[in-house]
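Fold and geometry: a report
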Amino acid sequence: MNDYILQSKRTLLRHLTPKDAEHFYNLNLDPEVLKYTGDVPFKNIDAAKEFLKQYDQYKKYGVGRMAVIDKETHKFLGWCGLKYSPELDEYDIGFRFFKKYWNKGYATETSQACIDFCFQELQLNRIVGRAMIDNVASVRVLQKIGMTYSKEFDFDGHKGVIYSITNYH
């Protein structure tokens, strides 16, 4: 699998690198993609590259958001993976895909692969997923991968929900 860490039925997942800056920049340009994230677009491709150069989740915590690559076309579809928040002592699953790949099962497929890997290989105990309550598609993905509703929270001034799943090894 060379640089790939994980695979799902249709995708390969690998660490994000500065070489992904153009894809990363373009993904965050779409207002619909960012609608429920609280994020803003990068100023330019160089800003995206700088963000990726500074991205230290892999080194610090052994997890991180990963590039999702189509096995057949080798196209960059988006990203998926865990983020560790030390202030919460929490691992959070996240995903973001170009709109043309929405409603095709990629978020569910790659999120499930990430959770399976993190429970089996990394022996994590609990993973959460956060979404704005209005982001019905993302909430549905969290449910499909076996997460259950935990609580509501304030998501940047919007009503948010936290789902979680526990590893019963």
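Reference entry: report on the structure contained in this document. Each chain carries its own residue numbering, running from 1 in the direction its sequence is written. Totals for whole chains, interfaces and linings use all residues, but because this is a predicted model, local features are given only for residues with pLDDT of at least 70 and pairs of side-chain atoms are given and counted only at 80 or more. Side-chain figures throughout are based on the complete set of non-hydrogen atoms in the structure, without hydrogens or water.

**So, the environment of Lys 83**
Within the element layout of this structure, Lys 83 appears in strand S4 (residues 76-85). Put simply, Lys 83 and Ile 93 are ten residues apart on the chain and 6.6 Å apart in space, counted from C-alpha to C-alpha. The way it works is that DSSP assigns letters per residue, a run of H or I at least four long becomes a helix, a run of E at least two long becomes a strand, and they are numbered from the N terminus.

**Digging into the packing of aromatic side chains**
Working definition: a ring pair exists when centres of Phe, Tyr or Trp rings (six-membered ring for Trp) sit within 6.5 Å. Plane angles under 30 degrees give stacked, over 60 give edge-to-face, the rest tilted. Summed over all chains, the structure comprises twelve aromatic pairs. A ring pair is formed by Tyr 61 and Tyr 84, whose centres lie 4.8 Å apart and whose planes are at 55°; its orientation type is tilted. Linking Tyr 61 in helix H4 (residues 57-61) with Tyr 84 in strand S4, this pair joins segments that are 23 residues apart in sequence. A 1.4 Å probe rolled over the protein chains alone gives each residue an accessible area, and that area as a share of the maximum for its type sets the label: buried under 20%, exposed over 50%, partly exposed in between. Classification of Tyr 84 by relative accessible area gives buried; the value is 13%. Lysine and arginine charges are scored as sitting over a ring when NZ or CZ, respectively, is within 6 Å of the ring centre and within 35 degrees of the ring normal. The ring of Tyr 106 is capped by Arg 10, whose NZ or CZ atom sits 4.0 Å from the centre of that ring. Sitting over the face of the ring of Phe 153, Arg 130 holds its NZ or CZ atom 5.8 Å from the ring centroid.

**A word on the side chain of Thr 108**
Its location among the elements puts Thr 108 in helix H5 (residues 106-120). By relative accessible area, which is 18% here, Thr 108 ends up buried. Residues count as neighbours in contact if any of their non-hydrogen atoms are within 4.5 Å of one another. Here Thr 108 is in contact with Val 141, Lys 144 and Ile 145, once residues within four sequence places are set aside.

Coordinates in, geometry out; function isn't part of it.
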